[in-house]
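Results of the structural survey
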Amino acid sequence: MYIRLSGRGLFSLLSAAVLLVFIMFFLSCGSVQDQTSNNENDSIGENQKRNVILIIIDTLRADHLSCYGYFRNTSPSIDSLAASGTLWQNAYAQSPWTLPSHATIWTGLSVRSHGTVGFFRLENDEGIRNYALDPSLPSLPVLFGQAGYRTCGIVNVTLLRDEYNFDIGFDHYSCNLAGHGQAGASVDSLISWVVSDSINLKPFFCILHLYDVHTPYNPPDDFDLMFTEYGSMGITAWFDEETGNWDPGKSDHLLKLYDGEIAWVDYNLGRLFEWLRNDSLAENTLVVITSDHGEEFLDHGGIDHGHTLYQELIHIPLIMSGPGIEPGVVSPIPVGQYDILPTLLAWAGIENMPMVDGSDILSGDISYSRSIPGSGVCPRSWDSFAPHQASVVTGSIKTIILGELESFITYDLVDDPIETRPQETDSMHMEKVLFYWASPQLGLPEPVFPDYESLDVLRDLGYIK
Ligand SMILES: [Zn+2]
């Protein structure tokens, strides 16, 4: 059910939310300076010599992993990792597409806070812009590096290249602009870096970003036949290259290939996990698996990602396994991508905790009734503007604000996990979304004009038309 506020009612709610947010912001400013002034005191203690590997599987929706209840056996390796650690059932991407979500993972900030969004068109300008990550914001590689870790990033999409500042803080950073199909090579690169870097006798922090599950759905040999006896038959994307049209009848075929891509990624992660065990690194290494967003297969009438905040695009996996992580735990606590940074810093014993929006979800102090916000929706074509959308999940209740920030829609995700039966939105949930939407932007990101090579890649990937 949509609820449309009158202009005066909306203004009152929004004004109250803005006032409260700014009061909290100014009260918190002192703590930013206090916490960031301790950089030089960071060092690795004897109990902190443990490694971290953060694996981000682009475009992976949680409900297509066996350990999240999927009916196909897509993920035996990830399932076994989950059994040896903790799996969060209700983990949320805080944007439905790549650039804002990765900025949230890097910084521990909500999309409204870091401001790294796109694609937008400047007035009277022929080009498009994305925003880069504000390099002055705290980030995982910088903070782990300052704490004495060796840092390595292996990523596979142009939106994470150095122009966007995602490379800052890494000792080693490699970005394959169009890294589809590179899961095997990327795992090999990570292993090679760890082996070659071991002479440094320092713990390592690695981010491994894999892009294989993203379109085109074109799994390599054997994996293309894993869930369909016919293979791809040359049909690996929704759009017909000649006509530009797309056919809803392809959905089941493309879903089976999407699942084959997941199985291919899972196979290569299994190789990585086995290597960690054989080299006795597993007992000293925290492995984290998550995604930047999901993928739609007509769940709400659309395809691909970036365009809504429904579950198929923001319900993502989050799994942690390693020393200090309780095995066999399935947690119902709602968590977001912004929780990853504070959780990893706390796990590693790094005391230089910056001001972030997320929390340490291993602390035991997290409430089921906490609220996880989302926004950063992408325009459907590069000559249009991104629609205003924001969401908040509180426990099982999810409220989305749509249109010109005046239409609310609410679902109970326990009774209605696929969001087909909207219910009435009460004022408390309206205020939660408006409160988030009015939150101050901490980052001051600079616009980036993608070069022509990147534009071609983005066009091939369907991000721009
Ligand atoms: Zn992505």
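Residues numbered from 1 in each chain as written. Predicted model: local features only at pLDDT ≥ 70, side-chain atom pairs only at ≥ 80, totals over all residues.

Across its full length, the protein holds 11 helices and 21 strands. Counting all 465 residues of the protein, 48% fall into the buried class. If you take every contact in the protein between residues at least 6 apart in sequence, the share linking residues at least 24 apart comes to 70%. (Helix = DSSP H or I, 4+ residues; strand = E, 2+ residues; numbered from the N terminus. Buried ≥ 20, exposed ≤ 12 C-beta atoms within 10 Å, placed from the backbone. Contact = placed C-beta atoms within 7 Å.)

Looking now at the sheet that holds strand β8 (residues 172–175). Here eight strands make up an open sheet; going across it, the order is β8-β7-β9-β2-β10-β14-β3-β15 and the pairing mixed. Edge positions in the sheet fall to β8 and β15 (329–331), since each of these pairs with one other strand and no more. Direction aside, neighbouring strands of the sheet carry axes that sit 10° apart on average. As judged from the six bridges shared by strand β2 (residues 51–57) and strand β9 (residues 204–210), these two strands associate in the parallel manner. Within β9, the position partnered with V52 by the bridge is F205. (Pairing = 2+ DSSP bridges. Axes fitted to C-alpha atoms, helices over the stretch in contact; angles between N-to-C directions.)

A cis geometry characterises the amide bond from T215 onward to P216, with omega recorded as 0°. As for its position among the elements, P216 is in the loop between β9 and α7 (251–278). Its identity is not glycine, yet D222 carries a phi of approximately 75°, on the positive side. Assignment of secondary structure puts D222 in the loop between β9 and α7. Given 12 C-beta atoms within 10 Å, D222 falls into the exposed group. A positive phi angle, close to 70°, is found at L298, a residue other than glycine. Mapping L298 onto the fold places it in the loop between β11 (296–297) and β12 (303–304).

A large share of helix α10 (residues 427–437) lies buried, amounting to eight of its 11 residues. All of the buried residues along α10 are H429, M430, K432, V433, L434, F435, Y436 and W437.

In this section: the nonpolar core. Ranked by size, the top nonpolar core spans 115 residues in total, and within it I55 and C206 carry the most contacts. Among the elements that line this core, the one with the most residues is α7, at 11 residues. Residues in contact with C206, not counting those within four places in the same chain, are I53, L54, C152 and L190. (Core = buried A, V, L, I, M, F, W, Y, C linked by C-beta atoms within 7 Å.)

Moving on, we get to α7. Between its first and last C-alpha atoms α7 spans 41 Å; for 28 residues at 1.5 Å apiece the expected length is 40 Å, and the two agree. Taken from the residues just after α7, S280 is the one with a positive phi, measuring 60°. (Expected span 1.5 Å × (residues − 1).)

Before going further, it helps to examine the packing of helix α2 (residues 76–83) against α7. Where α2 meets α7, the closest approach of the two axes is 7 Å, and the angle between their N-to-C directions is 50°. Taken together, the axes of α2 and α7 are oblique relative to one another. Contacts between α2 and α7 involve P76, S77, I78 and L81 from the former and D266, L269, G270 and F273 from the latter. Grouping the constituent residues of the contact of α2 with α7 by class yields five nonpolar, two polar and one charged. (Parallel < 35°, antiparallel > 145°, perpendicular 65-115°, else oblique. Nonpolar A, V, L, I, M, F, W, Y, C, P; charged D, E, K, R; others polar.)

Two numbers describe how helix α6 (residues 183–197) lies on α7: the axes approach to 9 Å, and their chain directions differ by 15°. The orientation of α6 with respect to α7, classified from their angle, is roughly parallel. When the axes of α6 and α7 are compared, the crossing they make is right-handed. Two secondary-structure elements touch here, α6 through A183, G184, V187, L190 and I191 and α7 through W264, V265, N268, R271, L272 and W275. Its residues assigned to classes, the contact of α6 with α7 shows eight nonpolar, two polar and one charged. (Left-handed = near helix turned anticlockwise from the far one by under 90°.)

It is worth spelling out the environment of G358 at this point. Its place among the elements puts G358 in the loop between α9 (340–348) and β17 (371–374). Along the backbone, G358 and I340 are 18 residues apart, and their C-alpha atoms lie at a distance of 7.5 Å. Not counting chain neighbours up to four residues away, the residues in contact with G358 comprise G108, G336, Y338, D339, L341 and P342.

Our next topic: the sheet that holds strand β16 (residues 335–336). Pairing in this open sheet of three strands is mixed, and the strands run β13-β4-β16 from one edge to the other. Edge positions in the sheet fall to β13 (315–316) and β16, since each of these pairs with one other strand and no more. Bridge analysis of strand β4 (residues 91–92) against β13 gives two bridges, and the strand direction is antiparallel. Bridged to A91 within β13 is I316.

Our focus in this paragraph is the confidence of the model for the protein. Interpretation of this model should avoid reading the predicted coordinates in detail wherever pLDDT is low. Per-chain confidence: the protein averages 86 in pLDDT, with 82% of residues scoring 70 or above. Taken as a whole, residues 1–14 scores under 50 in pLDDT and shows 17 contacts with residues more than four places along the chain or in a different chain. Across residues 16–43 the pLDDT falls below 50, and counting only partners more than four positions away or on other chains, this stretch makes 30 contacts in the model. (pLDDT = per-residue confidence, 0-100.)

Once that is clear, we can look at the environment of N73. Turning to its location among the elements, N73 is positioned in the loop between β2 and α2. On the basis of neighbour counts, which here come to 13 C-beta atoms within 10 Å, the residue N73 falls in the partly exposed class. For the pair N73 and I262, spaced 189 residues apart in sequence, the C-alpha to C-alpha distance is 9.9 Å.

Extensive coverage of strand β10 (residues 285–290) is indicated by the burial of six of its six residues. A two-sided burial pattern is seen for β10, the buried positions comprising T285, V287 and I289 on one face and L286, V288 and T290 on the other. Across six bridges, the pairing between β2 and β10 is parallel. Residue pairing for β10: I53 is matched across the bridge by V287. Where β10 meets strand β14 (residues 318–321), four bridges bridge the pair, whose relative direction is antiparallel. For V288, the partnering residue across the bridge sits in β14 and is M320.

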